[in-house]
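Coordinates in review
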Amino acid sequence: MSNPAHRRSVITGIGVVAPNGTGTGAFWKQTQEGVSVLDRVTREGCENLPLRVAGEVRDFDPVASVEERYLVQTDRFTHYAMAAADLALDDARLGRADYEDTPFKVGVVTAAGSGGGEFGQRELERLWGQGPRFVGPYQSIAWFYAASTGQISIRGGFKGPCAVVASDEAGGLDALMHAARSVRGGTDALVVGAAEAPLAPYSVVCQLGYEDLSACDEPTRAYRPFTADACGFVPAEGGAMLVVEEETAARGRGARVRAEIAGHCATFTGAGRWEQSRQGLARAVEGALREAGCAPEEIDVVFADALGVPAADRAEAGALADALGAHGRRVPVTAPKTGIGRAYCGAPVLDVSAAVLAMEHGLIPPTPNVFEVCHDLDLVTVRARPAQPRTALVLSRGLMGSNSALVLRCPTDTPD
């Protein structure tokens, strides 16, 4: 085994299932064009609930993506995760032949905010309507937030380190660093990410307790962070899975290295304490930069958390100023999620996917539906901005108080 200090983690595959498209091609096309797909909620049983606007995944056919034997024992959030994992593995060109003799070198890490609410609700309805004999045997596992990790590992034959990160919405970023640290410990590859399916009646009712949820019924106005019109966030389905590999092993099998996971840090400031999140998020950014060996002025683009709550937006803008100094007011900032909604733990992984694509395409995507910014930020709006970002900072905060920051770098031509 090589020296852990020299085992760098790189992203070699990206798989996306999002409201604006399945697959990186469809996702990036809509993202770079600033297309907003937010619309009225149409999921069965949700039509008359107070949540009016969301980002729904509408072009996804689970039957075409997941085998029947897995479909019947899993919830929609796991269907998204399994399909995205397949896309990521295909993108990385990592097939069974690559790990058949070394299955313990490949692991799985996912993050989840709530698990399988739709599956759980259906089985509870059977319990109360028909009796316990009508509750299916998979109720005990399908709702569980660890289901995606388990099913992806079983389905793929991955026997390496497997984990589930439960750290609020920021868990999407924390899962990536958990994977990177597994690589340092000797694992060659991990399938890592998050996907959520929060648009089912039971799940929506649970979310209605969030004061930060947008109650606006106009899709183009419901989610406008960093503006005077900010009125909360809009939830979304979907997410992304990535293949993270040890760089030398990846290059050795001829894989395309798309980005390096350079640094990460997480902090905690408590539920709803948005003013305190300024210090907590700034500390996370400083820690991520320190681990990456990166100066503030080296950050070329920031993918913001962008909650859409005035106090939270003000705290995030302040955190960037605190952690990046004067550069925090000059660096381009974007929040593509305003066009698709916040997919909870899946949201920051979608941002990581967009950040990698932005570095590859030399284009910073815009922030849909946002026009007049009321904070001291260089927020990219209306249309994509041509640029050559080499280093990206991705931020995420959870409603319960977690803060996370991740630094990504363009790959070097050859490893050190």
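From a predicted model like this one, the values you see are computed outputs, not experimental measurements.

1. Observations regarding the overall build of the protein
Looking only at helices and strands, one finds 15 helices and 16 strands in the protein. The C-alpha radius of gyration of the protein comes to 20 Å, within 12% of the 22 Å expected for a compact globule of 416 residues. Taking the principal axes of the C-alpha coordinates as reference, the protein spans close to 65 × 55 × 35 Å. The buried share of the protein, taken over its 416 residues, is 61%. Within the protein, residue pairs in contact and separated by at least 24 positions form 79% of the contacts whose partners lie at least 6 positions apart. Positive and negative charge centroids in the protein, built from 39 and 51 side chains respectively, lie 2 Å apart.

2. Re the domain arrangement of the protein
Under the domain assignment, the protein is made up of domain 1 (7–257) and domain 2 (261–407). Using only C-alpha atoms to locate each centre, domain 1 and domain 2 end up separated by 21 Å. With 64 residues of domain 1 at the contact, the number on the domain 2 side is 65 residues. Both sides of the domain 1 and domain 2 interface together cover about 5000 Å² of buried area, and 68% of this is carbon and sulfur. The interface formed by domain 1 and domain 2 includes three salt bridges. As a salt-bridge pair, arginine 184 and glutamate 291 come within 3.9 Å of each other at their nearest N and O atoms.

3. With respect to the pairing of strand β9 (residues 259–268)
Where a strand is regular, its side chains alternate between the two sheet faces. Counting buried residues along β9, seven of its 10 residues qualify, which places the element largely inside the surrounding structure. In this structure, strand β1 (residues 9–18) lies alongside β9, joined through two bridges in antiparallel fashion. Counted as the bridge partner of valine 10 is glutamate 260 from β9. The pairing of β9 with strand β16 (residues 402–409) spans eight bridges and is classified as antiparallel. Paired with cysteine 265 across the strands is alanine 405, a residue of β16.

4. Describing the packing of aromatic side chains
Tallying each qualifying case throughout the model produces six aromatic pairs. Aromatic side chains tryptophan 143 and phenylalanine 144 sit 5.4 Å apart centroid to centroid with 65° between the ring planes, which places their arrangement in the edge-to-face category. In this structure tryptophan 143 comes out as partly exposed when scored by relative accessible area, which is 39%. Joined through ring pairs, the aromatic side chains of Trp143, Phe144 and Tyr145 make up one cluster.

5. Considerations on a nonpolar patch on the surface
Nonpolar side chains collect at one region of the surface, where Val72, Tyr138 and Ile141 lie side by side and expose about 230 Å² of accessible area between them. In this structure, valine 72 sits in the loop between α3 (68–71) and α4 (76–92).

6. Some points on the pattern of salt bridges
In this structure the tally under the stated criterion is 28 salt bridges. With a closest N to O distance of 2.8 Å, glutamate 67 and arginine 155 form a salt bridge. Of this pair, glutamate 67 sits in the loop between α2 (62–65) and α3 while arginine 155 sits in helix α8 (residues 147–156), and the two are 88 residues apart along the sequence. One salt-bridge network, in which partners are shared between bridges, spans Glu169, Asp305, Glu316, Arg342 and Arg397.

7. Concerning the pairing of β1
Burial analysis of β1 places 10 of its 10 residues in the buried class, the great majority of the element. Looking at chain direction, β1 and strand β8 (residues 238–246) are connected through eight bridges and run antiparallel. Opposite glycine 13, over in β8, you have valine 243 as the bridge partner. A loop of two residues connects β1 with strand β2 (residues 21–22), the two strands running antiparallel in sequence.

8. Here we look at α4
Between its first and last C-alpha, α4 extends 24 Å over 17 residues, near the 24 Å set by a 1.5 Å rise per residue. With 14 of its 17 residues buried, α4 lies for the most part within the structure. A positive phi of about 55° marks arginine 93, the residue just after α4.

9. Some points on the UniProt feature "domain: Ketosynthase family 3 (KS3)" (unreviewed entry) in the protein
Here the UniProt-annotated "domain: Ketosynthase family 3 (KS3)" (unreviewed entry) positions come out as residues 6–410. For the annotated span residues 6–410, helix accounts for 36% and strand for 20% of the residues, and the straight-line distance between the end C-alpha atoms is 17 Å.

10. What to know about the side chain of serine 153
Relative to the elements of secondary structure, serine 153 occurs in helix α8. Once you skip the residues sitting within four places of it in the chain, serine 153 turns out to touch Val108, Phe158 and Cys162.

11. Looking at the packing of helix α9 (residues 171–184) against helix α15 (residues 346–361)
Each pair of packed helices can be described by the angle between their axes along with the distance between the axes. Contact pair α9 / α15: the axes reach a minimum separation of 6 Å and the direction vectors enclose 65°. Contacts between α9 and α15 involve Gly172, Leu173 and Leu176 from the former and Pro348, Val349 and Val352 from the latter. A breakdown of the residues in the contact of α9 with α15 according to their chemical character gives five nonpolar, one polar and no charged.

12. Focus on the environment of aspartate 322
Positionally, aspartate 322 belongs in helix α13 (residues 310–324). On the accessibility criterion, aspartate 322 (40% relative accessible area) is partly exposed. Sequence separation between aspartate 322 and serine 140 is 182 residues; the distance between their C-alpha atoms is 46 Å. Residues contacting aspartate 322, with those up to four places away along its chain left out, are Arg278, Ala282 and Glu286. Looking at aspartate 322, its side chain comes within polar contact range of the side chain of arginine 278, at 2.7 Å.

About the thresholds
- Residues numbered from 1 in each chain as written.
- Predicted model: local features only at pLDDT ≥ 70, side-chain atom pairs only at ≥ 80, totals over all residues.
- Heavy atoms only, no water.
- Helix = DSSP H or I, 4+ residues; strand = E, 2+ residues; numbered from the N terminus.
- Rg over C-alpha atoms; globule rule 2.2 N^0.38 Å.
- Buried < 20%, exposed > 50% of the residue type's maximum accessible area, 1.4 Å probe, protein only.
- Contact = heavy atoms within 4.5 Å.
- Lys, Arg positive; Asp, Glu negative; His and termini not counted.
- Charge placed at Lys NZ, Arg CZ, Asp CG, Glu CD.
- Domains from an automatic or database assignment.
- Buried area = accessible area lost by both parts, 1.4 Å probe.
- Salt bridge = Lys/Arg side-chain N within 4 Å of Asp/Glu carboxyl O.
- Pairing = 2+ DSSP bridges.
- Phe/Tyr/Trp six-rings, centres within 6.5 Å; stacked < 30°, edge-to-face > 60°.
- Patch = residues over 30% accessible without salt bridge, like charges linked within 9 Å, V, L, I, M, F, W, Y side chains within 5 Å.
- Areas by Shrake-Rupley, 256 points an atom, 1.4 Å probe, with all protein chains shown as cover.
- Expected span 1.5 Å × (residues − 1).
- UniProt positions renumbered as here; feature names shortened; annotations may be inferred.
- Axes fitted to C-alpha atoms, helices over the stretch in contact; angles between N-to-C directions.
- Nonpolar A, V, L, I, M, F, W, Y, C, P; charged D, E, K, R; others polar.
- Polar contact = N/O pair within 3.5 Å; in protein donor to acceptor, adjacent residues only side chain to side chain.

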